[in-house]
Amino acid sequence: MFHLYPDLLNLYGDRGNVMAFARRCRWRGIDVEVRQISLGEKVSFKEADFLFLGGGSDREQNLMAGDLAARKEQLREAVEEGLVVLAICGGYQLLGKYYRTLDGKEIPGLGILDLYTRAGRERLIGNVAVEMEINGMTHRVVGFENHAGRTFLGDLKPLGKVLAGRGNNGEDGFEGARYNNVFCSYLHGPLLPKNTVLADNFIALALKRRGWREELRPLDDSFEKAAVDTMLKRIL
Amino acid sequence: MIVRFILALWAARLAMFVARVTGRGKGSSLPGKIALKIYPRILKQLGRQIKKGIIVVTGTNGKTTTNNMIAGIVGDNKGSGVIINREGANLITGVTAAFIRAAGPFGGLHADYACLEVDEASFPGVVREITPDIVVVTNFFRDQLDRYGELDKTIALVKDALKKLDSVRLVLNADDPLVAQLGRVTGKPSVFFGLARHPGVSGTGSAAREAKFCPFCGAELAYSYYQYSQLGNYKCPGCEFARPQTDVEGVDPGVDGMLVSCRVRFRQGNMYPLQIPVTGLYNLYNGLAACSVGLLLDIDMDGIRSSLAGYLPATGRMEKFLYRGKPVLLNLVKNPTGFNEGLSTLLSVPAERVNVLIAINDNDADGRDISWLWDVDFEVLSGAGEKFGTFVCSGRRAWEMAVRLKYAGVREETVTVLEDFDQAVRTALEGTGDMSYFLATYTALWPVERILSGYAQRERTLPESVPSISGSVKSVR
């Protein structure tokens, strides 16, 4: 697993996503190596099974954008080849075409996904519940959003439908985006530890790429389920 | 205007009275809100009457403790009336209420000093109304992000507000680059406090660390050591920004049970022993900040030391209780850095076995986003083996806390979730430990404290029970 720029993008408990992925592998006896990637470090995305990209404050986001711009082609190739990616908030926006600021300036993104973001005056903040389909089953996922950007999808599937909260842009009722094995979302909270279905989905996808054909061994998720149910009961 | 002024005053007083008789709305912002609504300039009018000095404490952690310490020092040594907003009522409404409470029926004030803790985001609004003579900035950590946006913005707010103040003196934490930069960017006369290097410093920073980059040139700051989080001895490789020379420095800090101590070096000269009946190294920073303010007000070091030696913690700032002869500690937690400090205290308490209660709410005052729990290093608990009896998780986000502990490597069978505070407090107290340690977020703190004081006795640290100054000289060498 590659965790991109953890020393830079350490807002909002994003590292919880990394912990959840790694723990849930190890609890099943699957070896996992978490590599923390720093700015400028030489890496090949071909070596990764799962790549996590979080968000940060404006200054840190600019540093990350500059660094990833230099790796753009490599990342695009990996995504086309099915690299499993989770991008949250700022990382999500960065994969798109551009971010338009309030005064109309367009900051180019990596252009890997067909989406764009424009800044809004009000930040969209609060608890969110999303309904999404994973492996043909409908699941409810909860998290917390905090973003000024409004993201609009082109020829892309959203991650899910907003049941409570604002989602991508507060207008169209959708949250996140999906393309190949790339999953984007505005939900932190963090997303993976309590929403185990998502965490296990990433593990399964990553293993499948390595030729693993077995089902994942189920774990006792009673704490996680209770945490999700508490929030669903409250916000729906 | 005078009519509206008095009307505002009386309306707020009435709201305070109603809150007191009905016992509801403790720490409510309503009286201040009412007064500001009726007469928006009421705070300006009241603040102007302070005769000698207004001291404002802002920053992320330690505001209440530092402000209470300062008020103690000023009250003990200057003798005259001090207005203070106690117990975290630190928005403009709380500050206004503190003045109203102290005012006479026609709005007259007889106070020489005001000691005010002010929330970072409220700071610009408050100092537009009242003009502080001294501003203390304790530290900047990420806190309740969903309310403020991001930390950079909070710092910019404070910075811009400070620049507009004419004759202010600053008391700044030298060890926190985010705070220390304020001396240079505002150009205001500044006194710096900090801790000297000691054997407990670390070579690496924690995960929750802020401020990796120079605020002036953006280069990555180089640290020779860390005290905790981003506090430490830093230097920018790209420009001349570095930890400033301290005016008030704590040397040889020690944490001994329920007492912290150090020697205070003033302007690289004389050393004075200092002892404060509180726990945790971070409280030494609060003590050094208070010392600095005392020195700026020309109070002698003996007076400052004896005030601090008699310091009583406010609600939930490591408050002590006794339950069937066993000690119970209650501590407020509100952000990763404070929580990490709380955990390191928890690991060092002198007990065989500790019952732990963690109460997490997500109301506005707690921060609605609880993802900060994932920036706290709970992993330190998993290595402590038999030290902990049970972990009781409570509050509106009790389950979230349980999940966090699980992923930190704490065994699930040692975790009990009881969302109800009363059940949670009773279960924790009845645990197998010879001591209990309670951690609660802001809005969970009040109910937990109320319930706890029903079962356990509050332990008062009376001034005479605090070791005398001569005794403290011995213990700090």
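Just so it is clear, the model here is predicted, and its values are computed rather than measured. (Residues numbered from 1 in each chain as written. Chains lettered and ligands numbered in written order. Predicted model: local features only at pLDDT ≥ 70, side-chain atom pairs only at ≥ 80, totals over all residues. Heavy atoms only, no water.)

**Q** Residue-level account of the overall build of chain B, with values.
**A** Assigned secondary structure in chain B consists of 17 helices and 18 strands. Against the compact-globule benchmark of 23 Å for 477 residues, chain B has a radius of gyration of 22 Å, which places it among compact chains. With respect to the principal axes defined by its C-alpha atoms, chain B has extents near 65 × 55 × 45 Å. Within chain B, the proportion of its 477 residues that are buried is 61%. Within chain B, counting contacts between residues at least 6 apart in sequence, those at least 24 apart form 71% of the total. Carbon and sulfur atoms make up 52% of the accessible area of chain B, which amounts to about 18,000 Å² in all. Computed over 54 positive and 48 negative side-chain charges, the separation of the two mean positions in chain B equals 6 Å. (Helix = DSSP H or I, 4+ residues; strand = E, 2+ residues; numbered from the N terminus. Rg over C-alpha atoms; globule rule 2.2 N^0.38 Å. Buried < 20%, exposed > 50% of the residue type's maximum accessible area, 1.4 Å probe, protein only. Contact = heavy atoms within 4.5 Å. Areas by Shrake-Rupley, 256 points an atom, 1.4 Å probe, with all protein chains shown as cover. Lys, Arg positive; Asp, Glu negative; His and termini not counted. Charge placed at Lys NZ, Arg CZ, Asp CG, Glu CD.)

**Q** Could you give me a rundown of the packing of aromatic side chains, with the residues and numbers involved?
**A** Residues and elements named next belong to chain B. Scanning all chains against the criterion turns up 21 aromatic pairs over all chains. For the pair Tyr 234 and Phe 241, a centre-to-centre distance of 5.6 Å together with 40 degrees between the ring planes defines the contact as tilted. Classification of Tyr 234 by relative accessible area gives buried; the value is 1%. The exposure class assigned to Phe 241 is buried, which follows from its relative accessible area of 4%. Each residue in the set Phe 216, Tyr 223, Tyr 226, Tyr 234 and Phe 241 is aromatic and connected to the rest through ring pairs, giving one cluster. (Phe/Tyr/Trp six-rings, centres within 6.5 Å; stacked < 30°, edge-to-face > 60°.)

**Q** Which residues make up the interface of chain A and chain B, and what are the values?
**A** Listed by partner, the interface residues are 39 residues for chain A and 34 residues for chain B. The contact between chain A and chain B buries some 3,300 Å² in all, and 53% of this surface belongs to carbon and sulfur atoms. A salt bridge links B:Asp362 to A:Arg234, with the nearest nitrogen and oxygen atoms 2.6 Å apart. Here chain A is connected to chain B by 13 residue pairs in polar contact (both at pLDDT 80 or more). Listing elements by their share of the side of chain A that touches chain B, those giving two or more residues are α1 (15–26), α2 (58–69), β7 (115–134), β8 (137–153), α5 (191–194) and α7 (222–235) of chain A. Of the residues contributing to the side of chain A that touches chain B, the split by class is 15 nonpolar, 12 polar and 12 charged. (Buried area = accessible area lost by both parts, 1.4 Å probe. Salt bridge = Lys/Arg side-chain N within 4 Å of Asp/Glu carboxyl O. Polar contact = N/O pair within 3.5 Å; in protein donor to acceptor, adjacent residues only side chain to side chain. Nonpolar A, V, L, I, M, F, W, Y, C, P; charged D, E, K, R; others polar.)

**Q** Which residues make up the domain arrangement of chain B, and what values go with them?
**A** Residues and elements named next belong to chain B. Domain assignment breaks chain B into domain 1 (54–84 + 125–309) and domain 2 (317–458). The C-alpha centroid of domain 2 is placed 27 Å from the C-alpha centroid of domain 1. Taken together, the contact between domain 1 and domain 2 spans 21 residues of the former and 22 residues of the latter. Counting the contacts that link domain 1 with domain 2 gives 0 salt bridges. Remark: the boundary between domain 1 and domain 2 carries 3 residue pairs in polar contact (both at pLDDT 80 or more). Taken together, the elements giving at least two residues each to the side of domain 1 that touches domain 2 come down to α4 (63–78) and α7 (145–148). If one sorts the elements of the side of domain 1 that touches domain 2 by residue count, α4 sits on top with 3 residues. Residue composition of the side of domain 1 that touches domain 2, by class: 7 nonpolar, 9 polar and 5 charged. (Domains from an automatic or database assignment.)

**Q** Residues and numbers for the state of the cysteines, please.
**A** Simply put, disulfide is the name for a covalent bond between the sulfur atoms of two cysteines. All names here are of chain A. Overall, the coordinates contain 0 disulfides over all chains when judged by the stated rule. Of the cysteine sulfurs around Cys 89, a residue in no disulfide, the closest is that of Cys 184, at 11 Å. A residue is classified by how much of its surface remains accessible, and Cys 89, at 11% relative accessible area, is buried. (Disulfide = S-S within 2.5 Å.)

**Q** So what's going on with the side chain of A:Asp14? Which residues, and what values?
**A** Considering the arrangement of structural elements, one finds A:Asp14 in the loop between β1 (2–4) and α1. If we skip the residues at most four places from it in the chain, A:Asp14 touches A:Phe52, A:Gly54, A:Gly55, A:Ile88 and A:His188.

**Q** Can you lay out the UniProt feature "active site" (unreviewed entry) in chain B for me, pointing to particular residues and giving the numbers?
**A** As recorded in UniProt, the feature "active site" (unreviewed entry) lies at B:Asp369. Accessibility expressed as a relative area gives 5% for B:Asp369, which makes it buried. (UniProt positions renumbered as here; feature names shortened; annotations may be inferred.)

**Q** Residues and numbers for the sheet that holds strand β15 (residues 388–394) of chain B, please.
**A** Residues and elements named next belong to chain B. Read across the open sheet, the 7 strands follow the order β16-β15-β14-β17-β13-β12-β18; overall the sheet is mixed. Only two strands of the sheet have a single partner each, and these edge strands are β16 (415–417) and β18 (457–458). Bridge analysis of strand β14 (residues 354–359) against strand β17 (residues 435–440) gives 6 bridges, and the strand direction is parallel. Following the sheet pairing, Asn 355 is matched in β17 by Ser 436. (Pairing = 2+ DSSP bridges.)

**Q** Explain the sheet that holds strand β2 (residues 35–37) of chain A residue by residue, including any values.
**A** Residue and element names in this part refer to chain A. Sheet architecture is open: 6 strands sit in the order β2-β1-β3-β4-β12-β11, paired in mixed fashion. The open sheet has two free edges, formed respectively by β2 and β11 (177–179), since each of these has just one partner strand. Averaged over all neighbouring strand pairs, the angle between strand axes comes to 15 degrees, with direction disregarded. Here 2 bridges tie β1 to strand β3 (residues 50–53), and the two strands are oriented parallel to one another. Paired with His 3 across the bridge in β3 is Phe 52. Along the sheet face, helix α6 (residues 196–209) touches β3, β4 (84–88) and β12 (182–185) and points at about 150 degrees away from the line of β4. (Axes fitted to C-alpha atoms, helices over the stretch in contact; angles between N-to-C directions.)

**Q** With reference to specific residues and values, describe α4(B).
**A** Residues and elements named next belong to chain B. Taking 1.5 Å per residue, 16 residues should reach 22 Å; α4 reaches 22 Å between its end C-alpha atoms and fits that length. Lys 63, Thr 64, Thr 65, Thr 66, Asn 67, Asn 68, Met 69, Ile 70, Ala 71, Ile 73 and Val 74 are the residues of α4 that are buried. With its phi angle positive at about 70 degrees, Gly 79 sits one or two positions after the end of α4. (Expected span 1.5 Å × (residues − 1).)

**Q** Describe the pattern of salt bridges, and please don't skip the residues or the numbers.
**A** All names here are of chain B. Taken as a whole and assessed by the stated rule, the structure comprises 37 salt bridges over all chains. Its salt-bridge partner being Glu 412, residue Lys 406 comes within 4.0 Å of it at the nearest N-O pair. Between Asp 422 and Arg 426 there is a salt bridge, with its nearest N and O atoms 3.1 Å apart. Highlighted residues: Asp 422 and Arg 426, both in helix α15 (residues 421–429), separated by 4 residues, approximately one helical turn.

**Q** Summarise unusual backbone geometry; cite the residues concerned and give the values.
**A** A negative phi angle is the norm for most residues apart from glycine, just as the trans form is the norm for most peptide bonds. At A:Tyr5, a position not held by glycine, the phi torsion is positive, near 50 degrees. Residue placement: A:Tyr5 occurs in the loop between β1 and α1. For B:Asp298, which is not a glycine, the phi torsion comes out positive at approximately 60 degrees. By the secondary structure assignment, B:Asp298 is in the loop between α10 (282–296) and α11 (301–309).

**Q** Any details on the confidence of the model for chain B? Residues and values, ideally.
**A** Should the pLDDT be low somewhere, the predicted coordinates at that spot are not to be read in detail. For chain B, mean pLDDT is 87; residues scoring 70 or higher make up 91% of the total. With pLDDT under 50 throughout, residues 461–477 of chain B is counted as low confidence; its partners more than four residues away or in other chains account for 20 contacts. (pLDDT = per-residue confidence, 0-100.)

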